[in-house]
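Commentary on secondary and tertiary structure
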Amino acid sequence: ELWKKKGMEKKANQKKSDRYLTRAKYLFDRDGKPRKTFRRMNCRGKTGSIGSLFGGLGTDPWPRPKAIPLFNGGVNPFIKENELFVAGRSDWNPWTPCYAGDAGFVHHSVFEEIDDEQKNFHMFIHCSDKPNESHYHGPEAKGKYIYIGRYKRDEECGLDTINESFKKFTEKSQWTMAEWFRRKTKTEFQYRSPSGKQSILSNTGMISDDQVTSWEELRDRAGQVNREEWGRLSEEKKDIFVWIEMLWVADYYIKVIPVEFVNYDEDVYKALIDIDAVNGQIAENEDQLGPV
């Protein structure tokens, strides 16, 4: 749908067969084996991860490390200090590129934080656990990350920033966002940040008075929408459903910016294997992958 917006007709009309060919080009490594998946951050008993190579916090979707890991006599050939790379979750932004060579969109904050001198960035994607989604790369890749190469802002498509409404997100993405907001606020309901200067629910400022709906009213509405299972739900899940209702009422949205593929850095891929960051692989057969 996003490709059909003004300036995107060429990408929207790209033949499906061409997209299959693009995806197939990087499905296998130079030895003809399925590409590996990687850990986002270190875990117990495992020391290698994407963070071990690039630095940054494992919870940050687009880290810009001030201190980077050093190799080979005190250098890191893959990233410089204060350079940014992207490794966000596909359920927060289902319009990210789905495979190496694919085009897509990233959150606008990437380009607010990146230095002007950095012309492109390394990108990893989070593999979906739903076979009907384009970010699905097989049963062994579910919830893991794959490297898809270097990307840059698409300056030639004629499109800048797109606002994508919460209402257009998949149920899975809506649930993930609502779950995050519940953890973020740690209260029944919070319209504004502790400073009182900006709403946590609106990208454009304070929520107007006519948008303010009581927690009780939203809880009643959520109970009606999910009445068949409401009585069996935990209080935590009920709260998440209430947040879904609130994000609808507030017409929450994210801003995304188009990006295009630059190249695939085989040295990055090999280095991640060498530091033992591997935790699986994509499916060997293309019929086990999600749709293009």
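See the structure shown above.
The rules behind these values
- Residues numbered from 1 in each chain as written.
- Predicted model: local features only at pLDDT ≥ 70, side-chain atom pairs only at ≥ 80, totals over all residues.
- Heavy atoms only, no water.
- Salt bridge = Lys/Arg side-chain N within 4 Å of Asp/Glu carboxyl O.
- Helix = DSSP H or I, 4+ residues; strand = E, 2+ residues; numbered from the N terminus.
- Buried < 20%, exposed > 50% of the residue type's maximum accessible area, 1.4 Å probe, protein only.
- Phe/Tyr/Trp six-rings, centres within 6.5 Å; stacked < 30°, edge-to-face > 60°.
- Core = buried A, V, L, I, M, F, W, Y, C linked by side-chain atoms within 4.5 Å.
- Contact = heavy atoms within 4.5 Å.

1. A closer look at the pattern of salt bridges
Applying the stated rule across the entire model yields 14 salt bridges. For the salt bridge of Glu266 with Arg35, the shortest nitrogen-to-oxygen distance reads 2.8 Å. Of this pair, Glu266 sits in helix H8 (residues 266-274) while Arg35 is found in the loop between helix H2 (16-25) and strand S1 (36-38), placing the two residues 231 residues apart along the sequence. For Glu266, a relative accessible area of 17% gives the class buried. Relative accessible area serves as the criterion here: at 6%, Arg35 is assigned to the buried category. The network of salt bridges with shared partners includes Arg182, Arg219, Glu235, Lys238 and Asp239.

2. Notes on the packing of aromatic side chains
Inspection of every chain in the model, using the stated rule, returns 19 aromatic pairs. Relative to Trp180, the ring of Trp92 lies with its centre 5.5 Å away and its plane at 90°, an arrangement referred to as edge-to-face. Linking Trp92 in the loop between helix H3 (50-54) and strand S2 (104-107) with Trp180 in helix H5 (residues 171-185), this pair joins segments that are 88 residues apart in sequence. What makes Trp92 partly exposed here is its relative accessible area of 23%.

3. Quick look at the nonpolar core
With 41 residues, the main nonpolar core has Phe54, Phe121 and Phe124 as its most contacted residues. Breaking this core down by element, the ones donating at least two residues are H3, helix H4 (109-113), strand S3 (121-126), strand S4 (145-153), strand S6 (253-263) and H8. Counting residues per element, this core draws most heavily on S4, which supplies 5 residues. Once residues lying within four places of it in the same chain are set aside, the contact partners of Phe124 are Ile50, Phe54, Phe85, Val86, Ala87, Gly88, Tyr145, Ile146, Tyr147 and Leu272. Counting residues in each nonpolar core, the second largest holds 24 residues, with Trp95, Phe166, Leu218 and Ile254 among its members.

4. A look at the environment of Gln281
When you line up the elements, Gln281 lands in strand S7 (residues 278-281). Leave out the neighbours within four places in its chain, and Gln281 touches Pro34, Arg35, Lys36, Thr37, Glu140 and Ala141.

5. Things to note about unusual backbone geometry
Even without glycine at this site, Asn82 takes up a positive phi of about 70°. Here Asn82 is to be found in the loop between H3 and S2. When its relative accessible area of 29% is taken as the criterion, Asn82 is described as partly exposed. Notably, Asp276 is not glycine yet its phi reads approximately 65°, a positive angle. For Asp276, the location among the structural elements is in the loop between H8 and S7.

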